[in-house]
Amino acid sequence: MILTITMNPSIDISYPLAEFKLDTVNRVRNVRKTAGGKGLNVTRILKQLDADVVASGLIGGFLGEEIKKDLDQTKIAHDFLPISGETRNCIAVLHEGQQTEILESGPVITKEEAAAFLEHFEQLAKRASIISFSGSLPEGLSVDFYSQMLQRCEGKPVVLDCSGEALKEVLTGDAKPHLIKPNTEELAGLLEKPISTNAVELKAALSDSIFDGIEWIVVSMGGEGAFAKHFDKFYRVMIPKIAVVNPVGSGDATVAGLTDAIEKGFSDEAILKQGNVLGMLNAQEATTGYVELANYQTLFDQIKVEEV
């Protein structure tokens, strides 16, 4: 079983507008509302891959119940811990080729709820073969909360997709994730220096002692593909050009592909190909967290993975 964790989920609301007018009324016809948050995007892709997946995290209030209803409708198993606060809304206004986002910070988690979730998570982790943590931590949780969760995984591999101080805490902690997936900007932030997409520079960056103990590092580079390190091997992943419809959630689709491939014991090349294929397929769709698997093999065959 794959366990996905979304600590700060949301109801994602999409408002497509031909023109976004300030200080007046904007009427929207084609509103899209879905259970959101990076971990739930990962979950939906895994479900499309027919993976045995269970979603967990923290949800509360009316919007939390709506998330559970949404997951039930798509037959996605879930086991969230209820909290006293209200789950957040995240609004995206799509207008004139741009995307303006309005993101609520979400609920404030109490110390009692944090402790209860760690116990809840520890029991779920015992049933999992691999675990995926995605996204930000809500207010009230300490910055080392992911590190605390890692200590309760009993050696199960964890695919971690977070950034900022939470990621720094993990990298300095004793319990290490199996895989992290920073982009070049996040990588530069960790190392506190600019990072280009040059292979020599990337190899040096990923060899920094801050990453000691982490088996896989996959650096996403958008249209330039990806660069990866697995133990002492380095790979450049080259992808074909595609028509991008909506890039939101493509990183989450990549995480889903990597997680599924690792659980299935794929080769390094197949792991990297599957992750990138699913990210590209998501970018070709208007709906976040959806891929058209009929196009999977065509893109898979066009991706090149080269050891460098």
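Quantities reported herein were computed from a predicted structural model and do not represent experimental measurements. (Residues numbered from 1 in each chain as written. Predicted model: local features only at pLDDT ≥ 70, side-chain atom pairs only at ≥ 80, totals over all residues. Heavy atoms only, no water.)

(A) Examining the UniProt feature "domain: Carbohydrate kinase PfkB" (unreviewed entry) in the protein more closely. UniProt feature "domain: Carbohydrate kinase PfkB" (unreviewed entry): in the numbering of this structure it lies at residues 7-289. Across residues 7-289, the secondary structure splits into 36% helix and 23% strand, with the terminal C-alpha atoms separated by 18 Å. (UniProt positions renumbered as here; feature names shortened; annotations may be inferred. Helix = DSSP H or I, 4+ residues; strand = E, 2+ residues; numbered from the N terminus.)

(B) A look at helix H2 (residues 61-73). The end-to-end C-alpha distance of H2, which contains 13 residues, comes to 19 Å, matching closely the 18 Å that a straight helix rising 1.5 Å per residue would cover. Leu63, Gly64, Ile67 and Leu71 are the residues of H2 that are buried. Projected down its long axis, H2 shows its buried positions confined to an angular sector of 105°, all on one face. Facing away from the buried side of H2 by more than 90 degrees, the exposed set consists of Phe62 and Gln73. Buried positions along H2 lie against strand E2 (10-17), strand E3 (32-36), helix H1 (38-48), strand E4 (53-59), strand E5 (77-78) and strand E7 (88-95). (Expected span 1.5 Å × (residues − 1). Buried < 20%, exposed > 50% of the residue type's maximum accessible area, 1.4 Å probe, protein only. Arc of directions from axis to C-beta. Contact = heavy atoms within 4.5 Å.)

(C) Examining the sheet that holds E3 more closely. Within the open sheet, the 4 strands sit side by side as E3-E2-E7-E8. Their pairing is mixed. Each of the sheet's edge strands pairs with one partner strand only, and the pair in question is E3 and strand E8 (98-103). Across this sheet, the average inter-strand angle for adjacent strands is 20°, counted without regard to direction. (Pairing = 2+ DSSP bridges. Axes fitted to C-alpha atoms, helices over the stretch in contact; angles between N-to-C directions.)

(D) Here's a closer look at helix H7 (residues 199-206). Residues of H7 that are buried include every one of Leu202, Ala205 and Leu206, and no others. One side of H7 carries all its buried residues, which in axial view fall inside an arc of 90°. For H7, exposure combined with an orientation more than 90 degrees from the buried face picks out Val200 and Ala204. By the N-cap criterion, in which a side-chain oxygen at the helix start approaches the backbone nitrogen of a residue two or three places on, H7 is capped by Asn198, the distance to Val200 being 2.9 Å. (Polar contact = N/O pair within 3.5 Å; in protein donor to acceptor, adjacent residues only side chain to side chain.)

(E) Structural view of the pattern of salt bridges. For the structure on display, the rule yields 8 salt bridges. The salt bridge involving Asp161 is made with Lys38; its shortest N-O contact spans 3.3 Å. With Asp161 in strand E10 (residues 158-161) and Lys38 in helix H1, the pair connects residues that are 123 residues apart, well separated along the chain. On the basis of relative accessibility, which here comes to 32%, the residue Lys38 falls in the partly exposed class. Notably, a salt bridge pairs Glu66 with Lys69, separated by 3.4 Å at the nearest N-O pair. With Glu66 and Lys69 both in helix H2, this residue pair falls 3 residues apart, about one helical turn. A relative accessible area of 27% places Glu66 in the partly exposed class. With relative accessibility at 47%, the residue Lys69 sits in the partly exposed group. Salt bridges linked by common partners bring Lys38, Asp161 and Asp252 together as one network. (Salt bridge = Lys/Arg side-chain N within 4 Å of Asp/Glu carboxyl O.)

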